[in-house]
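Spelled out, the chains give:
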Amino acid sequence: MKKILILTLALVMLVTGCFALVACNSNADYKVGVIQLAPHVALDQANEAFCQKLTDLMKADGKTVDFIQGNAQGDDSQNGAIVDGFIGKQVDLVYSIATASSQTAVTKCKDYEIPVIFNAVTDPVDAGLVDKLEGQSGNVTGVSDINPIADQVALMQELLGGGTEMTIGVLYVTKETNSVVQMEAVRTACEGKGIAFVSEGISEVDNIGNGLQSLKSKGADIVYLPTDNVLAESATTVHAQNVSLGVNLPIVCGESGMANSCGVATLSVSYTYLGELAAQMAYDILTGKKAAKDIPVGSQTQDYDYVVNQKVAKEIGFTIPQSVVDKVK
């Protein structure tokens, strides 16, 4: 029955041509479907690092791997067609980047027993991808891009001169699970330090300006942006709105790609490192060394990158303390 379903899906994809999947080497030893929710710096890094690292690992064994790429271009409705295309091509494994794409991959691949490795998912348990972070029951594992939020809150304190007499605001996207999770994590960190906290949820890019103005009206002295895909894709818009509307609040982003466009500083995970971590998992699964269910969900726990953006700081009239600048390697 599985073979019939696979062949049927392949025929449907061929006839309809409803999306483009780009493959490299049809004669490779392994086929891996890579689904990415949207094109932006962090997800691109997680994709590129994964493909390069897995290629290198296979090359050392005298093996090759064919990467079949599919990008949903930020449109959740495209995820299903992309994963169906992977199934039709009988891939050996699916690598899914970002929460929405990963949820679709896990759901659709389950009946075909295709292992799924996710990445760029803040809380995979909350997202329903796994039951727990260790000892999975299904054919799924992956990498969480959870941020060092407690350290980032400490950074925001340092940016404003230290102490707790400040208000941290979070601009987040209500429809993104990982964005909500990070907002709540910042709230918890602030409560633990006795720092005032405010937040503003938005539903789309057009609400960014209003969201920033609302945070300022609520008394925010500094803004935190979670690593959600809507804000990551729109980081330049965040900065433009911050300046043009006269909000001019310093922003700390969840990761460096966003900070390069709209933040004054951050302490960031490396999506290159996370992509390489996922590649090692894929190698172990494809070569039969481990089953997905036996691989704990991974994350980065040290060696974060300090980033400062003097250009953004100058444009909003903010001075980055020398103590923060000195931490950048």
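Residues numbered from 1 in each chain as written. Predicted model: local features only at pLDDT ≥ 70, side-chain atom pairs only at ≥ 80, totals over all residues. Heavy atoms only, no water.

**Observations regarding the overall build of the protein chain**
Stage number 1. For the protein chain, the count of helices and strands is 13 helices and 11 strands.
Stage number 2. Against the compact-globule benchmark of 20 Å for 329 residues, the protein chain has a radius of gyration of 21 Å, which places it among compact chains.
Stage number 3. The C-alpha extent of the protein chain, read off along each of the three principal axes, is 65 × 40 × 35 Å.
Stage number 4. Across the 329 residues of the protein chain, 54% fall into the buried class.
Stage number 5. Nonlocal contacts in the protein chain, meaning residues at least 24 apart in sequence, comprise 73% of its contacts between residues at least 6 apart.
Stage number 6. Of the roughly 14,000 Å² that the protein chain leaves accessible, carbon and sulfur atoms contribute 49%.
Stage number 7. Computing the positive centroid from 22 side-chain charges and the negative centroid from 37, the protein chain places the two 5 Å apart. (Helix = DSSP H or I, 4+ residues; strand = E, 2+ residues; numbered from the N terminus. Rg over C-alpha atoms; globule rule 2.2 N^0.38 Å. Buried < 20%, exposed > 50% of the residue type's maximum accessible area, 1.4 Å probe, protein only. Contact = heavy atoms within 4.5 Å. Areas by Shrake-Rupley, 256 points an atom, 1.4 Å probe, with all protein chains shown as cover. Lys, Arg positive; Asp, Glu negative; His and termini not counted. Charge placed at Lys NZ, Arg CZ, Asp CG, Glu CD.)

**Considering unusual backbone geometry**
Stage number 1. Although it is not a glycine, Ala-120 adopts a positive phi angle of roughly 60°.
Stage number 2. For Ala-120, the location among the structural elements is in strand β4 (residues 116-121).
Stage number 3. Positive phi values are uncommon outside glycine, yet Asp-303 reaches one of about 55°.
Stage number 4. With respect to the element layout, Asp-303 can be found in the loop between α11 (271-286) and β11 (305-308).

**Concerning the packing of helix α2 (residues 41-60) against α11**
Stage number 1. Packing of α2 against α11 brings their axes to within 7 Å, and their N-to-C directions diverge by 40°. Considering their axes alone, α2 and α11 lie oblique with respect to each other. When the axes of α2 and α11 are compared, the crossing they make is right-handed. Residues Ala-42, Gln-45, Ala-46, Ala-49, Phe-50, Lys-53, Leu-54, Leu-57 and Met-58 of α2 touch α11, and the partners they reach there are Tyr-271, Thr-272, Gly-275, Glu-276, Ala-278, Ala-279, Gln-280, Ala-282, Tyr-283 and Leu-286.
Stage number 2. Of the residues in the contact of α2 with α11, the class split is 13 nonpolar, 4 polar and 2 charged. (Axes fitted to C-alpha atoms, helices over the stretch in contact; angles between N-to-C directions. Parallel < 35°, antiparallel > 145°, perpendicular 65-115°, else oblique. Left-handed = near helix turned anticlockwise from the far one by under 90°. Nonpolar A, V, L, I, M, F, W, Y, C, P; charged D, E, K, R; others polar.)

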